[in-house]
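Examining the three-dimensional arrangement
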Amino acid sequence: MRIDGSKPGAFKDEAFDYVIVGSGAAGATAARMLSDTGRSVAVIEEGPAIDPKEFRNEIFPTFKRMFRDQGSQVARGRAFIPVIQGRCLGGSTVINSAIVWRLPDDVWQPWRDEHGLGDALPLAELHKNWDLIERELSVARTPPAVWGEFNRLMDVAKKKLGVSAEAIRRNVKDCQASARCLTGCPTSAKQSMLVTYLPYAEKKGATLITSAKAREILWEGDRAVGVAGAFESPGRPRFRARARKAVIVAASAIQTPGLLARSGVDSPHLGEHFQAHPGCAMTGIFPNKVVMWRGATQGYDADHHRQDGRFKIETIALQPEIVFARLPGAGRRWMRAMLETPNAAIWAVQMRAWAHGSVRERFFGTDIQFSLTPRDLVQLRRGLRFTAELFFAAGAKEVWPGIHGLPEKILPGQEWMLETAPADSRSYSMILSHLFGTARMSLRRSDGVVGPDFAVHGSKNLFVVDSSIFPTNTGVNPQHTIMGIAMLAARRISEARL
Amino acid sequence: MLNPRQRAVIDALLPAGVDPGLPGAFESGFDEFYADFERSALLPMRLSFKAALWASAWLSPMLICRLPPLSRLPREERERALEAMGKSRFYLVRQLLLLLKAVCSFHYGAHPQVRRTLGMTP
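This is a predicted model, so every value here is computed, not measured.

Let us now look at the overall build of chain B. Looking only at helices and strands, chain B features seven helices and zero strands. Seen in sequence order, chain B has helices and strands lined up from the N terminus as α-α-α-α-α-α-α. Rg of the C-alpha trace for chain B: 14 Å, near the compact-globule value of 14 Å for 122 residues, within the 12% margin. Its C-alpha atoms put chain B at 40 × 35 × 25 Å along the principal axes. Looking at chain B as a whole, 45% of its 122 residues are labelled buried. A separation of at least 24 residues holds for 49% of the contacts in chain B among residues at least 6 apart in sequence.

Okay, here's the thing in structure tokens:
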């Protein structure tokens, strides 16, 4: 059943066994698992439910309907960095590129050895979960037939330089190469939560409540007994979703700490330890047409320096609106640069930053603080140089770095310049799209917010299952890890005596 | 509604007559887009865009040692002034030009004629 909170007449007070806040990768996976138990499940989503037939390939209407703060959410620190999040049924899985990476062993080992979470997050069980998810979401490597030229060129670079790079594994079925993952897949080929686990849970009896903002957890003593919130319909009517068994928070590393803080959860770690993967893109100009608007949005990546450099390079197709904003010049020179974009490929450094930031609720909204460390800037410049090397190996005639303090165009043989770029994050255009750690899991209450059983320390029946519990960032695209862990958490919650 | 000085900024940023496939901002219907933007964009976005327009009109000429506003300068100097914002050593000035370009790109990059010129299905 679906309840649309943007229309008048939604419920005031309902009871369910499990109330899940958030419908993205974590919330939908928890809903999928818990709906199998035969108990009643409610999923509360702040954003609207949007039919894939209504997805548009223009950025501004898409930002307005499907992105948090209409795409204008930023982290403040040394520089302003946009923080990209979906705000619709299915969460960020609707507007990401469906990239599937299992959590690498070398990332999990410190979780076990330094954070003591080997039993809480056993890798063998996670692999079993990933096996299941990959079957259910049709995960496969992007086939050459849908690469498009901008992905194929990275394959050329890989073969020429002999580096570790490969077609990306994605949760996609019958991709039509429309390069529209970021504005919502119009053919539902992308197996986002909107078209997979949420309909599955709904069919099993779950209630999907959209345009409904969860404001606070309801308590009886130290036991969570529901969620109070407000619908988006005129007058913002309030609602209560009572939970007979458990409240499960899966609202993301940005929204989860705010919800917990508003609900009286008190921990010095709440909102702290915020980590992310800053992304920084460069443009390569090729002698022949590339036309990045045909092909799999992100079909190829190079993980050659994932461990020794903490970065990965990914192809990406961006809509012209986004491409134009970063082109050099103004007026006629800017427009002439636009005319070169059919020959452009955009590849981005995705960095596993060392930086820790914070997420706090303030009177003006959510305050995200994040600044790269000097170590991060060294890695970033190394990653940008490596990207330029890949571009030139693939046959690019020039690279447009888009970095303040460097020439607008770099020619073959000048890749070294990228490592001399300013050691100041204000010189770069970046985004943050993978977000972690603001309610981290720990064995002891003194070290984190959530215990190894996924329950918030010091409370009963309140669980957190999203990436805010991750003890560190992952260095790889996190959706698959989030889903594997949410599946594990949901199974444990369903087996717990509550 | 944009005032004449704001229109001069947008016109300098996306002038007409550069290429047959690329219309100028106002030929491509920027006024309609702006009306929608004013109606539906969040307040911080609208205020930031207004600040970017203001800085482009009043600050950018001074970066090339000319008196403001931008609208009193010849076309070449208007473009030079906007470019100077992008090269400014002050981060906020660069960010304001980036914001101006980003919002204008929301309109321009979605325009069917522009997309056709780039070889994209509109």
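Turning to the interface of chain B and chain A, a few remarks are in order. Each partner contributes to the interface: chain B provides 32 residues, whereas chain A provides 28 residues. Elements represented by at least two residues in the side of chain B that touches chain A include exactly α1 (4-13), α3 (43-58), α5 (75-86), α6 (91-108) and α7 (112-117) of chain B. The element best represented in the side of chain B that touches chain A is α6(B), accounting for nine residues. In terms of residue class, the side of chain B that touches chain A is built from 20 nonpolar, six polar and six charged.

Let's shift gears to helix α7 (residues 252-262) of chain A. Residues and elements named next belong to chain A. Of all eleven residues in α7, nine are buried, a share of seventy percent or more. Of the positions making up α7, those classed as buried are Ser252, Ala253, Ile254, Gln255, Thr256, Pro257, Gly258, Leu259 and Leu260. Looking one or two residues beyond α7, the residue adopting positive phi is Gly264, at roughly 90 degrees.

Residue and element names in this part refer to chain A. One open sheet holds the four strands; their spatial order is β5-β4-β18-β17, and the pairing between them is mixed. Two strands close off the open sheet at either side, each with one partner strand: β5 (81-82) and β17 (358-362). Taken together, the five bridges between β17 and strand β18 (residues 365-369) define a ladder with antiparallel strand orientation. For Glu361, the partnering residue across the bridge sits in β18 and is Thr366. Where α7 meets the sheet, it contacts β17 and β18, and its direction lies at approximately 50 degrees from that of β17.

Residues and elements named next belong to chain B. As a packed pair, α5 and α6 sit with axes 7 Å apart at the nearest point and diverge in direction by 120 degrees. One element, α5, and the other, α6, form an angle in the oblique class. Contacts between α5 and α6 involve Leu82, Met85 and Gly86 on the former and, on the latter, Val93, Arg94, Leu96 and Leu97. Residues that form the contact of α5 with α6 fall into these classes: five nonpolar, one polar and one charged.

Moving on: unusual backbone geometry. Of note, the bond from Pro68(B) into Pro69(B) is cis; its omega dihedral lies within 30 degrees of zero at 0 degrees. Within the secondary structure layout, Pro69(B) lies in the loop between α4 (60-63) and α5. In this structure, His273(A) takes a positive phi of about 60 degrees despite not being glycine. Topologically, His273(A) is positioned in the loop between α7 and β13 (275-285).

For soluble globular proteins, nonpolar side chains are generally found buried alongside one another. Ile20(A), Ala30(A) and Val465(A) are the most contacted members of the largest nonpolar core, which totals 213 residues. For this core, the leading source of residues is α6(B), giving ten residues. Taken domain by domain, the makeup of this core includes at least three residues from each of domain 1 (2-49 + 88-96 + 101-136 + 192-273 + 437-495) and domain 2 (141-181 + 274-432) of chain A.

Let's shift gears to the domain arrangement of chain A. Residues and elements named next belong to chain A. Domains assigned within chain A are domain 1 (2-49 + 88-96 + 101-136 + 192-273 + 437-495) and domain 2 (141-181 + 274-432). The centre of domain 1, based on its C-alpha atoms, is set 31 Å off from the matching centre of domain 2. Contacts between domain 1 and domain 2 engage 17 residues on the former and 18 residues on the latter. Element by element, the count of residues in the side of domain 1 that touches domain 2 is highest for α7, at six residues. Looking at side-chain class alone, the side of domain 1 that touches domain 2 contains five nonpolar, nine polar and three charged residues.

Each value, and the rule that gives it
- Residues numbered from 1 in each chain as written.
- Chains lettered and ligands numbered in written order.
- Predicted model: local features only at pLDDT ≥ 70, side-chain atom pairs only at ≥ 80, totals over all residues.
- Helix = DSSP H or I, 4+ residues; strand = E, 2+ residues; numbered from the N terminus.
- Rg over C-alpha atoms; globule rule 2.2 N^0.38 Å.
- Buried ≥ 20, exposed ≤ 12 C-beta atoms within 10 Å, placed from the backbone.
- Contact = placed C-beta atoms within 7 Å.
- Nonpolar A, V, L, I, M, F, W, Y, C, P; charged D, E, K, R; others polar.
- Pairing = 2+ DSSP bridges.
- Axes fitted to C-alpha atoms, helices over the stretch in contact; angles between N-to-C directions.
- Parallel < 35°, antiparallel > 145°, perpendicular 65-115°, else oblique.
- Core = buried A, V, L, I, M, F, W, Y, C linked by C-beta atoms within 7 Å.
- Domains from an automatic or database assignment.

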